[in-house]
Amino acid sequence: MSNTAEAATGVTGPPPGGQTAGGNGVLRTLRRGFGAFLRQREATVLVVVVALFLYFTIDSSNFLTHANQANLLSGIAAPYIILATAEVLLLICGEIDLSVGFTFTLAPFLMYFLIAYDGVPVILAIIITLIFGLVVGAVNAFLTVTLGLPSFIATLGTSFILYGVVLTTSHGEPATLPASTEHIGKFFGNETTSAWGWSAIIWAVLIVVIFHIVLTQTRWGLHTVAVGGNQLGAREAGISVARIKYGNFMMTGMLGALVGLQVAFYDNTIDPSAGGYQYMFYAVAAAVLGGTALLGGAGTILGAGLGALLLAVFIDGFAIIGISANPLLIVFGAGVVVAMIANVQLGRLREAGRT
Amino acid sequence: MTTVPEGQVAPDGAHADILRVEHISKRYGAVTALIDINMRLARAEVLGLIGDNGAGKSTLLKILCGFQPPTSGHIFLDGQEITLKSVDQARSLGIDAVYQDLALVNQLTVYHNMFLNRERVRWPLLNNRSMRNEARRRLDAMGLKIPNVNAEVAKLSGGQRQAIAVARSVYSNPKVLLLDEPLAAMGVKEGAIILDLVRELKEQGNVSIIIIAHNYGQILEVCDRVNLIQGGKITLDKYASETSAQELTDLVVAEYRKALEDRQRSAASSSSLGETPRSQ
C-alpha cells in the first residue's frame, strides 16, 4: 500500500481485499472502479449469486432446466423475497416483526374458512385476508408505538397468538383449497393447474420494484429512513414517527398475508406447518445479507431481494448436486455473520469518507 | 438602540424588540431554576446568553422554544403576548431552536436533510433535482462551503453539520432563532464556519438570534449584546462592545469561588455533626 492515493485517506477498518499496491494507471483505475462496485452491497451479493449459479450450472445438468428454475425462483425464492422486502421496511425504521411468518400461516386458513364456511366469494375472501394482514400489523404497531413495547417482544407475543389460532382452528390438519379458487390460483402460480411456473417470481419482482421505488423515491421512504436514522431529529422536523411506523407495520402484515396465500396456491394445499419462524428468520437473514442494518436507518429492498435469491440458490443448488441441507445451515449462518461484520466495517469505511 | 417601553409602538410602526421576556420564573418542586428573568431581543440582533453549567440557560431555552411552560411570567413576540404550548406551536409562531447534532439524519444526503418534511415532490415521486439545486443555491447564498450536497451528512464535519442544521431552520423564515451551544465540542476552524454563518445572517437582517453558550470567548465576536445568567438570574446585560471575555470570566470565576466557599463552609459545619456511619 504505498503508491495509491486511497491508501493515505485514513482507513479505520482493515484494508479491503484487492487493494494491494502495484499495477499501472489503467489497472489501478479498474481496481478502484471494481472496489467502488463492490462497496455497493447489492453488487457484492449479486456477484456471489452469479458465481453460485454458474457453479451449479456447470456441476449439474439438472440445475438450468425449466422445472428446476421455476422451482428455485417461484417455489423457494419468491416467498423469501417478499418477506425480506416486508422486513426491510421495518428494520430500516428500527423495528422488527417476528409474527409475519405466522400471519403467513394463518392467512390461507382464513381465506379457506371464509369461503368454505361463510360462503364468501373468492375475491372478497382474498381481500378480507389481506385486510386481516393490515390489522395484524396495526396491532403490532399499537403494542410497539402506542404502548411502547419493544417490537421484538410485542411481535413475539402476537406470533404465539397467531400460531395458536392456526392450530386451534385447523386442529393442526392441512386443508385443501376450495375448488372455486382454481381460477385465481393460476394467477398466483398454482403449480398443479398451470405448468408455466413463473407467476410467483413475477409477483416477487414486482413487489421488490414497487417497494424499492417507494423507499428511495418517495416522501414515505425518505421519512422511513429518517425515523430509523434519527427518531428525535425526524420528530423535530415534524415527521409523525407513529404514522410512519404504523404504516410500515401494516404493510409488513399485509405482505405476510399475501405470501401466505401465494404459497398456499403454489403448493395447492393449506399447511399449518408452512411459514412460521423459519420463513421470518430467513427473511431477516436475507435482509442482513443484502446490507440492512438491524439498528435502523440503512438498508435496501434490492439488497434484501438479492439476499433472498442467494438463499434460494443455496438451498436449491445443494439439493440438486445432492449435498445434504444440514451443513448448508452452517454455511448460511456464517454468511449472515460475515455480512453483519461487513455491514459494520463498511459503515466505518463510509464514515471515514471512502466512497 | 433604545428600549421601547411596554405596550408602546416604535416610530416605524413595529416593536423594536422582536422578543421580550418579563418576570419569568421556573420552579421544579422545591428547586427554583429561574428567578424573575427579564430579557429582550431586538430586531436583527444577536444576543449571547451565557453562563456556567446549571445556571439556567437550558431551562430558559426550553421555555422559549415551547418545550416546557414557565411557572410564571410573560413572553411577548412582536409586542403580542404569547403562550407557548409546544415546540411545533412555537415554530409556527416563528421561534425555532437548533440543537447540537440532534436534528440531522446521518444516513440521508445534505439536500434531503435540508428539505426533511418539506420535500418537493412531483407526485408520487420526490423531485430530487429541484431540491438539489435549491439546496446548492441556498447554501451558496449563505456563504457555506459544502462541497457536495449529495454527500451523506455522516461524512461531514461537526461544524458543517451544525451549519446545515442552522441553514435548514433559516429556510422556514423564523423571526427568532435559538442556537443551543452551537460551538460545543468544536475546534476553532469548525467553529469559524458557524460564526461566519451567524455574521452572514446578521448582515441579511431577517432573523434575530439568541446564542446559548458556556464558552464565550468566540461568541463575543458575533454578538451585539450579552446576557450573563448566574444561579437562575440575569446578572449582566451589556453590549458586546462594553464588555470583554475577561470581565465575563472574572464574574463567573467570582461566582464559582463564592459557591465553593459556601460549600466548604457548609461542609465544615456539617462535618462537626459527624458523618452517619454506613454500617447496618
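Predicted model, so just to flag it, every value in this text is computed and none were measured.

(A) Molecular detail of the environment of V208(A). Residues and elements named next belong to chain A. Here V208 is to be found in helix α8 (residues 199-217). Looking at V208, the number of C-beta atoms within 10 Å reads 22, which means it is buried. Linking V208 and T85, residues 123 residues apart in sequence, is a C-alpha distance of 6.5 Å. With sequence-adjacent residues up to four places away left out, V208 is seen in contact with I81, T85, I301, L302 and G305.

(B) Just the interface of chain A and chain B, in detail. Listed as interface residues are 19 residues of chain A and, on the opposing side, 18 residues of chain B. Among the elements that line the side of chain A that touches chain B, the one with the most residues is helix α9 (residues 219-229) of chain A, at five residues. For the side of chain A that touches chain B, the per-class residue count stands at eight nonpolar, eight polar and three charged.

(C) The arrangement of the sheet that holds strand β6 (residues 95-98) of chain B in detail. Residue and element names in this part refer to chain B. The strand order across the open sheet built from six strands is β6-β9-β10-β3-β11-β12, with neighbouring strands paired in mixed fashion. What marks the edges here is a single partner per strand, and that holds for β6 and β12 (233-239). Between one strand axis and the next, the sheet turns through 20° on average, direction left out of account. Note that strand β3 (residues 46-50) and strand β11 (residues 225-230) share four bridges and pair parallel. Paired with L49 across the strands is N227, a residue of β11.

(D) A look at helix α2 (residues 41-59) of chain A. All names here are of chain A. Taking 1.5 Å of rise per residue, the 19 residues of α2 would be expected to cover 27 Å, and the 27 Å separating its terminal C-alpha atoms lies within 8% of that figure. If you check which residues of α2 are buried, you get R41, T44, V45 and F56. Looking straight down α2, one finds its buried side chains confined to an arc of 100°; they lie on one side. Residues V50, A51, L54 and I58 are exposed on α2 and point more than 90 degrees away from its buried face.

(E) Seen up close, the confidence of the model for chain B. Residue and element names in this part refer to chain B. Taken over all residues, the pLDDT of chain B has a mean of 84, while the share at 70 or more is 90%. Every residue in residues 1-13 scores below 50 in pLDDT, and together they form nine contacts with partners more than four places removed in sequence or on other chains. Confidence drops under a pLDDT of 50 for residues 274-280, and excluding neighbours within four residues, the segment shows zero contacts in the predicted structure. We note a pTM of 0.81 for the whole complex and an ipTM of 0.80 for its interfaces.

(F) Region of the structure containing the packing of helix α4 (residues 100-116) of chain A against helix α12 (residues 276-289) of chain A. Residues and elements named next belong to chain A. The geometry of α4 relative to α12 is characterised by a closest axis approach of 7 Å and an angle of 135° between their N-to-C directions. Considering their axes alone, α4 and α12 lie oblique with respect to each other. Seen from above, α4 lies across α12 with right-handed handedness. Contact with α4, carried on its side by V100, G101, F102, F104 and T105, involves G276, Y277, Y279 and M280 of α12 and no other residues of that element. When grouped by side-chain class, the residues that make up the contact of α4 with α12 number six nonpolar, three polar and no charged.

(G) Region of interest: the sheet that holds strand β1 (residues 17-28) of chain B. All names here are of chain B. With antiparallel pairing, four strands are arranged side by side in an open sheet as β2-β1-β4-β5. Each edge of the open sheet is held by one strand with a lone partner, namely β2 (31-42) and β5 (80-82). Between one strand axis and the next, the sheet turns by 25° as a mean value, whatever way the strands run. Where strand β4 (residues 72-77) meets β5, three bridges bridge the pair, whose relative direction is antiparallel.

(H) Highlighting the nonpolar core. Residue and element names in this part refer to chain A. Within the largest apolar cluster, 166 residues are counted, with the highest numbers of intra-cluster contacts made by A77, Y80, A283, A286 and A308. For this core, the element with the highest residue contribution is helix α3 (residues 66-92), accounting for 16 residues. Here A308 is in contact with A77, Y80, I81, A84, A283 and A286, once residues within four sequence places are set aside.

(I) Fine view of the packing of helix α5 (residues 122-146) of chain A against helix α11 (residues 241-267) of chain A. Residues and elements named next belong to chain A. Two numbers describe how α5 lies on α11: the axes approach to 7 Å, and their chain directions differ by 140°. Comparing the axis directions of α5 and α11 gives the class oblique. Here the hand of the crossing between α5 and α11 comes out right-handed. Residue classes in the contact of α5 with α11 are distributed as 17 nonpolar, eight polar and one charged.

(J) Main features of the environment of L54(A). Residues and elements named next belong to chain A. Looking at the secondary structure, you find L54 in helix α2. By the C-beta count within 10 Å, which is 12 here, L54 ends up exposed. For the pair L54 and L64, spaced ten residues apart in sequence, the C-alpha separation works out to 9.5 Å.

(K) Here's a closer look at the pairing of strand β10 (residues 208-213) of chain B. Residues and elements named next belong to chain B. Most of β10 is tucked away, with six of its six residues classed as buried. Residues of β10 alternate between two faces, with S208, I210 and I212 on one and I209, I211 and A213 on the opposite face, all of them buried. Pairing geometry for β3 and β10, over five bridges, is parallel. Across the sheet, the residue bridging to I50 is A213, located in β10. In the sheet, strand β9 (residues 176-180) pairs with β10 via five bridges, with the strands oriented parallel.

Basis of the calculations
Residue positions are given per chain, counting from 1 as you read along its sequence in written order. Note on labels: chains are lettered from A, ligands numbered from 1, in written order. Thresholds applied to this predicted model are a pLDDT of at least 70 for local features of residues and 80 or more for the giving and counting of side-chain atom pairs; totals over whole chains, interfaces and linings are not thresholded and use all residues. Helix and strand definitions here come from DSSP, where helices need a minimum of 4 consecutive H or I residues and strands a minimum of 2 consecutive E residues; each element is numbered from the N-terminal end. Put simply, a residue is buried when 20 or more other C-beta atoms lie within 10 Å of its own C-beta and exposed when 12 or fewer do; between those, it is partly exposed, and each C-beta is set from the backbone. C-beta atoms are placed from the backbone for every residue, and two residues are taken to be in contact when these atoms lie within 7 Å. Polar here means any residue outside two lists: the nonpolar Ala, Val, Leu, Ile, Met, Phe, Trp, Tyr, Cys and Pro, and the charged Asp, Glu, Lys and Arg; Gly therefore counts as polar. DSSP bridges decide pairing: two strands pair if at least two such bridges lie between them. Note on method: axes are straight lines fitted to C-alpha atoms, helices fitted across the in-contact stretch only, with angles between N-to-C directions ranging 0 to 180 degrees. Residue count minus one, scaled by 1.5 Å, sets the expected span of a helix. An arc is given here, and it is the one of the directions from the helix axis to the C-beta atoms. For every residue, the predictor assigns a confidence score, pLDDT, that lies between 0 and 100. Any angle between 65 and 115 degrees counts as roughly perpendicular, while under 35 counts as roughly parallel, over 145 as roughly antiparallel, and the rest as oblique. By convention the crossing between two helices is left-handed if the near helix lies anticlockwise of the far one by an angle smaller than a right angle, and right-handed if it lies clockwise. By convention in this section, buried Ala, Val, Leu, Ile, Met, Phe, Trp, Tyr and Cys residues joined through C-beta atoms within 7 Å make up a nonpolar core.

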